[in-house]
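# Report on the structure
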Amino acid sequence: MNPWEGVSEFAAVVESGSFTAAAHQLGISTAQVSRQVSALESRLSSKLLYRTTRKVTVTEAGQIYYQHCRPVLDGLKEAEQALNSLQSSPRGRLKITAPGTYGESKIAPLINDFLTLHPDLQIECVFTNQRIDLIEGGYDLAIRVGHLADSSMMATRITSRHLHVCATPSYLKRYGEPHSLSELKHHNCLQGTLDYWRFEVNAKEQTIRISGNLRCNSGQSLLDAALKSIGLVQLPDYYLQAAINNKQLIPLLQNYEPKDEGVWALYPHNRHLSPKVRMLVDYLKEQL
C-alpha cells in the first residue's frame with residue numbers, strides 16, 4: 001500500500017477549493033482526483049471533505065491532516081527543485097499570462113528570446129486583460145500592471161510603467177497647449193475604459209474627469225486617434241515611446257504626471273517558485 005496515494009490530490013482540493021480546479025492543477029481528470037481522495041478517506045477511516053453540488057468543505061479531521069501533510073509535500077517539492085536547479089538548462093512546461101498589449105509588445109519578444117536560450121522549455125502564453133485565476137487555470141506565472149488587489153499571490157516587481165498625456169504638433173498648433181489641469185476641459189480628451197485621467201498634485205494623486213468625442217477600450221486605437229490629431233490622450237509609455245522619440249507626439253503637463261506604476265510577476269503563495277520560473281522572472285526583470 002502506497003501511503004502517499006491520494007495525499008497530493010487531497011491537498012490540491014483543499015487549496016483550490018474544488019475537485020475540478022484540483023484536477024486542472026494536477027493535470028489529471030476530476031474523476032481520478034475524486035477516486036484518489038475517496039481511497040485516502042477509506043484508508044484513514046476518516047471523512048476529510050464534505051462534498052455537495054455547490055462546494056467542498058474541509059472537515060475538522062481534514063484540516064488536521066492537511067496541516068501535517070502540507071510541510072511534507074513542500075519538502076518533497078523542494079527536493080525536486082534542488083535537483084532541477086542542478087541542471088544547466090531549465091526544461092519542462094511553463095504557462096504564463098499577461099495583459100494583451102503589454103504582453104504582445106513587451107513580454108512576448110522576451111519569452112521568445114528566453115526560449116532561444118533554453119530550447120528544452122515548452123512555454124504556453126495567454127495574453128488577455130481578464131484577471132485569470134492562476135490556480136484554476138494551472139498557470140505558473142502572471143504579469144500584472146498597476147495596483148495589485150489580490151493579496152493571495154506572491155509578487156515580484158520586474159519593472160515599472162509611466163503615464164503620459166500627449167498630442168501631435170498639429171493638434172497643439174490648432175488648439176493650443178494646456179499648461180494646467182483645469183485647461184483640459186477645453187480640449188478633446190480621448191477616453192479609454194475610464195472617464196478620468198490620473199495626475200499628481202502636491203505629491204498627492206488626483207483624478208480629473210475628462211470628455212471627448214471618442215471612447216474606446218483599446219490603447220492602440222486611442223494611440224491611432226491621437227496620431228491623427230483627433231485629441232489628447234493619456235496612455236502608458238509602452239504605447240507612446242516610439243511616437244514621442246520621433247516627435248510625432250509631444251508630452252504635455254509633465255509637472256503633473258503621476259508616479260510610476262509597478263509591473264509585477266505574480267505566482268500563487270502556496271507554491272514554491274521553481275528554478276525555471278525564477279530564471280524567467282530574473283530574465284524579464286533584467287531585460288525590462
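The sections below set out a description of the structure shown in this document. All figures in this text were calculated on a predicted structure; none of them were measured in a lab.

Criteria and thresholds
- Residues numbered from 1 in each chain as written.
- Predicted model: local features only at pLDDT ≥ 70, side-chain atom pairs only at ≥ 80, totals over all residues.
- Heavy atoms only, no water.
- Pairing = 2+ DSSP bridges.
- Helix = DSSP H or I, 4+ residues; strand = E, 2+ residues; numbered from the N terminus.
- Axes fitted to C-alpha atoms, helices over the stretch in contact; angles between N-to-C directions.
- Contact = heavy atoms within 4.5 Å.
- Salt bridge = Lys/Arg side-chain N within 4 Å of Asp/Glu carboxyl O.
- Parallel < 35°, antiparallel > 145°, perpendicular 65-115°, else oblique.
- Left-handed = near helix turned anticlockwise from the far one by under 90°.
- Nonpolar A, V, L, I, M, F, W, Y, C, P; charged D, E, K, R; others polar.
- Buried < 20%, exposed > 50% of the residue type's maximum accessible area, 1.4 Å probe, protein only.
- Lys, Arg positive; Asp, Glu negative; His and termini not counted.
- Polar contact = N/O pair within 3.5 Å; in protein donor to acceptor, adjacent residues only side chain to side chain.

The next point concerns the sheet that holds strand β3 (residues 92-98). Whether parallel or antiparallel, the strands of a sheet pair through hydrogen bonds between backbone atoms. Pairing within the open sheet is mixed, and its five strands lie in the order β4-β3-β5-β12-β6. Only two strands of the sheet have a single neighbouring strand rather than two, namely β4 (121-127) and β6 (153-161). Taking each pair of neighbouring strands and ignoring which way they run, the sheet shows an average axis angle of 20°. Of the pairings in the sheet, the one linking strand β5 (residues 141-145) to strand β12 (residues 261-268) comprises four bridges and is antiparallel in character. Along β12, the bridge assignment pairs Val145 with Val263. Packing of helix α10 (residues 275-287) onto the sheet brings it into contact with β3, β4, β5, β6 and β12, and relative to β3 it is tilted by some 45°.

Under the counting rule described, the total for this entry stands at nine salt bridges. We note a salt bridge from Arg161 to Glu261, for which the minimum N-O separation is 2.5 Å. Taken together, the residues span a long stretch of sequence, with Arg161 in strand β6 and Glu261 in strand β12 at a distance of 100 residues. Its salt-bridge partner being Asp195, residue Arg209 comes within 2.5 Å of it at the nearest N-O pair. Separated by 14 residues along the polypeptide, Arg209 in strand β9 (residues 204-209) and Asp195 in the loop between α7 (169-175) and β8 (196-201) bring together distant segments of the chain.

Here the focus is the packing of helix α1 (residues 7-16) against helix α2 (residues 19-26). The interhelical angle for the contact between α1 and α2, taken along N-to-C directions, is 120°, at an axis separation of 8 Å. As judged from the angle between their axes, α1 and α2 are oblique. Two packed elements cross with a definite hand, and for α1 against α2 that hand is right-handed. For the pair formed by α1 and α2, the contact residues are Ser8, Glu9, Ala12, Val13, Glu15 and Ser16 on the first element and Phe19, Ala21, Ala22, Gln25 and Leu26 on the second. Counted by class, the contact of α1 with α2 contains six nonpolar, three polar and two charged residues.

Here Glu257 shows up in the loop between β11 (250-252) and β12. Of the side chains with opposite charge, Arg198 lies nearest to the buried Glu257, which makes no salt bridge, at 11 Å. Polar contacts involving the side chain of Glu257 include one to the side chain of His162, which spans 2.6 Å. In terms of polar contacts, Glu257 uses its side chain to reach the side chain of His164, at 3.0 Å.

This part takes up helix α9 (residues 237-245). Taken together, the buried positions of α9 are occupied by Asp237, Tyr238, Tyr239, Leu240, Ala243 and Ile244. Residue Lys247 follows α9 closely and has a positive phi angle near 70°.

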